[in-house]
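An overview of the molecular structure
Here's the letter readout for the chains.
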Amino acid sequence: MLKFISTIFFFLIAITLVFGQNNYSFFIEKPQFNNSDSNSLYLDISNTNFLKNNEYFNDFIKGYTLIGYNINPQIVYYTQSKVNLKGGIFLNKYSGIDNYSKILPTFSITYFDKGLEIIMGTIKGTINHNLIEPLFHSELFFTDNIENGMQIIFNKNYFNADIWVNWKKFIFNNDTEQENFTFGISTKTNLSSDKNKLSISVLLQSLTNHWGGQIDTSGKNIKTILNSAAGFDICYNINGKIFNSINSENYFITFNDMSPTVESYYKNGNGFFSKININTKNTNLSFGFLNTNSYISPLGNPMYLSVSAFDSTNNKKHRQLLTGRVTYYSNINSSIKLGLEYETFYDLANYNFDYYLGIVMYFKQEFFLNKLTISINKKKIFKENKSVKHPD
């Protein structure tokens with residue numbers, strides 16, 4: 001009863017507060033190139049401070065608390081040819097631990113052109129891929145934020161796509177570990193304009209995790225896991241004084257172990273995942289339903305899987321979950337944003353109730369350092385070249 005009362009109380013508070021963003025939208029990195037930035041040098045600082053209390057009491061994932069921060073200061077150089085270079089360092093720190101858990105260099109080169117981005121090096125990862133929770137756990141934004149490899153992003157009026165490779169483990173000859181990479185595709189095709197009262201979109205997502213290599217000495221079998229989702233989004237744009245829109249996302253999800261030697265508890269599985277989102281000018285309410293059979297995902301939210309993250313004897317082939325989430329965010333100013341989130345999970349088979357509470361403060365700002373002047377005196381160079389004498 002206490003959990004039920006606290007749930008209702010939190011929902012009522014959330015509805016009465018005034019916030020301006022939904023879900024994790026302010027984390028998503030937008031294209032940053034502007035012609036006025038050509039030959040300019042900036043200091044870019046991204047910082048996320050987080051507290052997420054997972055009150056879980058089930059057979060699939062134990063409860064735990066995440067508290068700490070990530071910070072990524074970088075120097076950005078915008079060239080004259082729609083290209084920027086960015087380099088810096090990423091630090092991950094959890095409260096209660098003296099040392100940093102991760103200290104990683106970051107570097108990327110990005111090409112921009114009319115809705116196209118090509119990135120090599122440190123890519124736009126985690127929640128920027130817009131994957132659903134059964135495929136990719138959004139909590140990895142806090143715990144495993146940096147992805148390196150290559151990425152191609154399309155942003156057109158009727159079509160959006162993100163295609164990437166995240167190379168997680170590079171190996172050398174006779175290395176004792178396998179190479180490990182993730183290949184992903186996330187697309188959205190708009191069948192009608194977002195400005196229409198009723199809009200429909202087709203959604204396709206695919207995530208392949210591979211462990212292998214030919215030059216390692218680990219002795220482990222090659223492993224390839226494919227997860228996919230195909231569905232549609234129906235959105236009714238209200239644009240009223242209170243409600244902005246109501247939309248329904250519906251996905252058919254699959255899991256396939258494509259390894260030569262299958263070591264997973266299940267070889268393949270599938271299911272349905274549906275959500276209804278009520279978007280107001282202040283907050284977002286989301287209600288979901290999951291129904292799966294033999295579903296596994298290496299990077300998915302453990303709450304949605306058929307295998308236990310800590311006890312292999314507690315696997316359940318058939319999962320049915322009801323979820324409810326409220327999220328709200330406030331733009332404190334142009335650089336600082338505050339977010340709060342509460343989500344519940346109800347297991348229909350085990351009559352089990354779990355929930356989490358989260359608070360995030362996000363800072364991102366570019367500081368102008370210098371406008372570089374690059375000039376070439378062609379006449380002077382020509383004269384100097386003519387004066388150079390070459391030996392016979």
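Keep in mind it's a predicted model, so treat the numbers as computed, not measured.

1. Some thoughts on the overall build of the protein
Each helix and strand in the protein was counted, giving three helices and 16 strands. Of all intrachain contacts in the protein linking residues separated by at least 6 positions in sequence, the fraction that spans at least 24 positions is 61%. Accessible surface, the protein: about 20700 Å² in total, of which carbon and sulfur atoms supply 60%.

2. A word on the pattern of salt bridges
Two side chains with opposite charge may pair up if their charged atoms get near one another. For the structure shown, the criterion picks out nine salt bridges. Between aspartate 59 and lysine 316 there is a salt bridge; the shortest N-O distance is 3.9 Å. Of the two residues, aspartate 59 sits in the loop between β1 (40-57) and β2 (62-78) while lysine 316 sits in the loop between β13 (284-293) and β14 (318-331), which places them 257 residues apart along the sequence. Put simply, aspartate 113 and lysine 82 hold a salt bridge, and the shortest N to O gap is 3.0 Å. One end of the pair, aspartate 113, is in strand β4 (residues 102-113); the other, lysine 82, is in the loop between β2 and β3 (83-94), with 31 residues separating them in the sequence.

3. What about the packing of aromatic side chains?
For any two aromatic rings, the description comes down to two numbers: the centre-to-centre distance and the angle of the planes. In the structure shown here, the tally under the stated rule is 17 aromatic pairs. Summarising the aromatic geometry, the rings of tyrosine 304 and phenylalanine 345 are spaced 6.2 Å apart at their centres and angled 85 degrees between planes, so their arrangement reads as edge-to-face. Pair noted here: tyrosine 304 is in the loop between β13 and β14 and phenylalanine 345 is in strand β15 (residues 336-347), with a separation of 41 residues, a long-range link. Ring centres of tyrosine 342 and tyrosine 355 lie 5.8 Å apart, and the angle between their planes is 50 degrees; on these two criteria the pair is classed as tilted. Here tyrosine 355 lies in strand β16 (residues 352-371) and tyrosine 342 lies in strand β15, a separation of 13 residues in the sequence.

4. A short note on the side chain of arginine 325
Summarising the element assignment, arginine 325 is placed in strand β14. Within the local environment of arginine 325, its side chain forms a polar contact with the side chain of glutamate 341, the two groups lying 3.4 Å apart.

5. A look at the nonpolar core
The biggest cluster of nonpolar side chains holds 22 residues, and the ones touching the most others in it are Ile132, Tyr251, Ile253, Met303 and Tyr304. Here this core gets three residues from one element, more than from any other, and that element is strand β11 (residues 243-257). Look past the residues within four positions of methionine 303 in its chain and what remains in contact with it is Tyr56, Asn58, Ile61, Arg319, Leu321, Phe345 and Asp354.

6. Focus: the environment of asparagine 160
Mapping asparagine 160 onto the fold places it in strand β7 (residues 159-169). Look at asparagine 160 and you get partly exposed, because its relative accessible area is 23%. Excluding its chain neighbours within four sequence positions, the residues that come into contact with asparagine 160 are Phe154, Asn155, Ser186, Thr187, Lys188 and Asn190. Within the structure, the side chain of asparagine 160 is placed 3.1 Å from the side chain of asparagine 155, a separation counted as a polar contact.

7. Looking at the environment of isoleucine 163
Inspection of the secondary structure assignment puts isoleucine 163 in strand β7. With relative accessibility at 29%, the residue isoleucine 163 sits in the partly exposed group. Separated by 43 residues in sequence, isoleucine 163 and serine 206 have C-alpha atoms that sit 9.6 Å apart. The residues touching isoleucine 163, leaving out its near neighbours within four places in the chain, are Met150, Gln151, Ile152, Phe183, Gly184 and Ile185.

8. Digging into the confidence of the model for the protein
Considering every residue of the protein, the mean pLDDT works out to 87; 86% of them sit at 70 or more. Here residues 4-23 is a poorly scored stretch, pLDDT under 50, and it has 44 contacts once near neighbours within four places are set aside; other chains count. Low pLDDT (under 50) marks residues 375-388, which in the prediction has one contact with non-local residues, meaning those over four places away or in another chain.

9. What to know about the pairing of β1
For β1 and β2, the ladder comprises 16 bridges, and the chain directions are antiparallel. Within β2, the residue paired with lysine 52 across the bridge is leucine 66. Linkage of β1 to β2, two consecutive antiparallel strands, is achieved through a turn of four residues. One ladder, built from 16 bridges, connects β1 with β16; its direction is antiparallel. Bridge pairing in β16 links asparagine 54 to tyrosine 356.

The rules behind each value
- Residues numbered from 1 in each chain as written.
- Predicted model: local features only at pLDDT ≥ 70, side-chain atom pairs only at ≥ 80, totals over all residues.
- Heavy atoms only, no water.
- Helix = DSSP H or I, 4+ residues; strand = E, 2+ residues; numbered from the N terminus.
- Contact = heavy atoms within 4.5 Å.
- Areas by Shrake-Rupley, 256 points an atom, 1.4 Å probe, with all protein chains shown as cover.
- Salt bridge = Lys/Arg side-chain N within 4 Å of Asp/Glu carboxyl O.
- Phe/Tyr/Trp six-rings, centres within 6.5 Å; stacked < 30°, edge-to-face > 60°.
- Polar contact = N/O pair within 3.5 Å; in protein donor to acceptor, adjacent residues only side chain to side chain.
- Core = buried A, V, L, I, M, F, W, Y, C linked by side-chain atoms within 4.5 Å.
- Buried < 20%, exposed > 50% of the residue type's maximum accessible area, 1.4 Å probe, protein only.
- pLDDT = per-residue confidence, 0-100.
- Pairing = 2+ DSSP bridges.

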